Amino acid sequence: KQEVTQIPAALSVPEGENLVLNCSFTDSAIYNLQWFRQDPGKGLTSLLLIQSSQREQTSGRLNASLDKSSGRSTLYIAASQPGDSATYLCAVKLGWGAQKLVFGQGTRLTINP
Amino acid sequence: SAVISQKPSRDICQRGTSLTIQCQVDSQVTMMFWYRQQPGQSLTLIATANQGSEATYESGFVIDKFPISRPNLTFSTLTVSNMSPEDSSIYLCSVEAKPHRFGPGTRLTVL
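Below, the structure is looked at part by part.

Cut-offs applied
Residues numbered from 1 in each chain as written. Chains lettered and ligands numbered in written order. Predicted model: local features only at pLDDT ≥ 70, side-chain atom pairs only at ≥ 80, totals over all residues. Heavy atoms only, no water. Helix = DSSP H or I, 4+ residues; strand = E, 2+ residues; numbered from the N terminus. Rg over C-alpha atoms; globule rule 2.2 N^0.38 Å. Buried < 20%, exposed > 50% of the residue type's maximum accessible area, 1.4 Å probe, protein only. Contact = heavy atoms within 4.5 Å. Areas by Shrake-Rupley, 256 points an atom, 1.4 Å probe, with all protein chains shown as cover. Lys, Arg positive; Asp, Glu negative; His and termini not counted. Charge placed at Lys NZ, Arg CZ, Asp CG, Glu CD. Buried area = accessible area lost by both parts, 1.4 Å probe. Salt bridge = Lys/Arg side-chain N within 4 Å of Asp/Glu carboxyl O. Polar contact = N/O pair within 3.5 Å; in protein donor to acceptor, adjacent residues only side chain to side chain. Phe/Tyr/Trp six-rings, centres within 6.5 Å; stacked < 30°, edge-to-face > 60°.

Observations concerning the overall build of chain B
Here comes step 1: When helices and strands are tallied, chain B shows zero helices and eleven strands.
Here comes step 2: Written out in order from the N terminus, the α and β elements of chain B read β-β-β-β-β-β-β-β-β-β-β.
Here comes step 3: Relative to the 2.2 N^0.38 estimate, which gives 13 Å for 111 residues, the radius of gyration of chain B is 13 Å and therefore close to what a compact globule would have.
Here comes step 4: Once the C-alpha set of chain B is aligned to its principal axes, its extents read approximately 35 × 25 × 20 Å.
Here comes step 5: The buried share of chain B, taken over its 111 residues, is 48%.
Here comes step 6: For chain B, long-range pairs separated by at least 24 residues make up 52% of all intrachain contacts whose partners lie at least 6 apart in sequence.
Here comes step 7: Accessible surface for chain B amounts to roughly 5300 Å². Of this, 48% is attributable to carbon and sulfur atoms.
Here comes step 8: Each charge class in chain B can be summarised by its mean position, and for the 9 positive and 8 negative side chains these summaries are 7 Å apart.

With respect to the interface of chain A and chain B
Here comes step 1: Contacts between chain A and chain B engage 19 residues on the former and 19 residues on the latter.
Here comes step 2: Both sides together, the interface formed by chain A and chain B hides about 1500 Å², and carbon and sulfur atoms give 53% of it.
Here comes step 3: A salt bridge links Lys100 of chain A to Glu58 of chain B; the nearest nitrogen and oxygen atoms lie 3.1 Å apart.
Here comes step 4: Our count for the chain A to chain B interface comes out at seven residue pairs in polar contact (both at pLDDT 80 or more).
Here comes step 5: Elements with a contribution of two residues or more to the side of chain A that touches chain B: strand E4 (32-38), strand E5 (44-51), strand E9 (86-95) and strand E10 (98-103) of chain A.

Details of the side chain of Gln38 of chain A
Here comes step 1: With respect to the helices and strands, the residue Gln38 of chain A is situated in strand E4.
Here comes step 2: Judged by relative accessible area, which is 7%, Gln38 of chain A ranks as buried.
Here comes step 3: Here the side chain of Gln38 of chain A touches Lys42 of chain A through a polar contact of 2.8 Å, landing on its backbone oxygen.
Here comes step 4: Excluding its chain neighbours within four sequence positions, the residues that come into contact with Gln38 of chain A are Gly43, Leu44, Ala86, Thr87 and Leu89 of chain A together with Gln37 of chain B.

Digging into the side chain of Ser76 of chain B
Here comes step 1: Relative to the helices and strands, Ser76 of chain B is located in strand E8 (residues 75-80).
Here comes step 2: Leaving out residues up to four positions away in the same chain, Ser76 of chain B has contacts with Ile21, Gln22, Cys23, Met32, Trp34, Ala49, Ile68, Ser69 and Arg70 of chain B.

Concerning the packing of aromatic side chains
Here comes step 1: Taken as a whole, this structure holds six aromatic pairs over all chains when the rule is applied.
Here comes step 2: Between Phe103 of chain A and Tyr35 of chain B the ring centres are 5.8 Å apart and the planes differ by 85°, which places this aromatic pair in the edge-to-face class. Here the residue Phe103 of chain A occupies a position in strand E10, and Tyr35 of chain B occupies one in strand E4 (residues 31-37), the pair thus bridging two chains. There is no split in this pair, since Phe103 of chain A and Tyr35 of chain B are both buried.

Purely geometric numbers; function is a separate question.
Okay, structure coming up:
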């Protein structure tokens with residue numbers, strides 16, 4: 001059974017710092033991995049999608065990496081801003097025919113002005 | 001890319017009643033998904049809804065408690081039946097896309 005773990009559960013840093021969020025998964029046979037952002041009481045916004053054949057994806061100040069063999073992904077946020085404060089979730093899709101996403105518990109990020 | 005809307009955005013309900021949540025997509029999609037996010041928890045898939053067939057439920061979820069309709073390729077409903085306080089959650093619909101897309105969610109509080 002695929003399990004997804006995110007560390008740390010919560011993180012608070014001053015504005016301007018670079019930071020890394022971690023995601024690990026137990027079964028390396030994934031189809032893709034996706035990072036989402038969730039603001040309090042809201043739905044999910046997709047940030048980055050990495051296919052299993054890719055090593056990283058970049059969008060603006062965000063960079064996500066994937067090491068499938070070790071079952072790890074990281075989300076790097078450069079020059080953090082107070083508007084980046086949210087919960088960040090990673091999710092893996094198990095296979096081409098498997099539509100289900102398995103989510104981690106999330107990292108609650110607070111950027112202090 | 002698909003735009004997903006949900007109604008209601010939030011509701012407060014009494015124990016023992018039922019609530020139907022609507023999900024509308026602005027384009028035709030084959031599969032729609034319903035997730036639950038309990039307070040302080042991550043998302044768990046309830047069921048997959050295909051047009052023209054019965055929904056497929058995940059372990060721990062049953063049709064009597066969470067009946068789903070999928071009358072066409074742009075719309076689905078999830079009913080939370082005979083509610084108890086344990087059903088207080090955010091319910092989100094989602095569609096298969098690259099990337100996977102989610103609606104804004106329905107925040108349900110059961111008293």
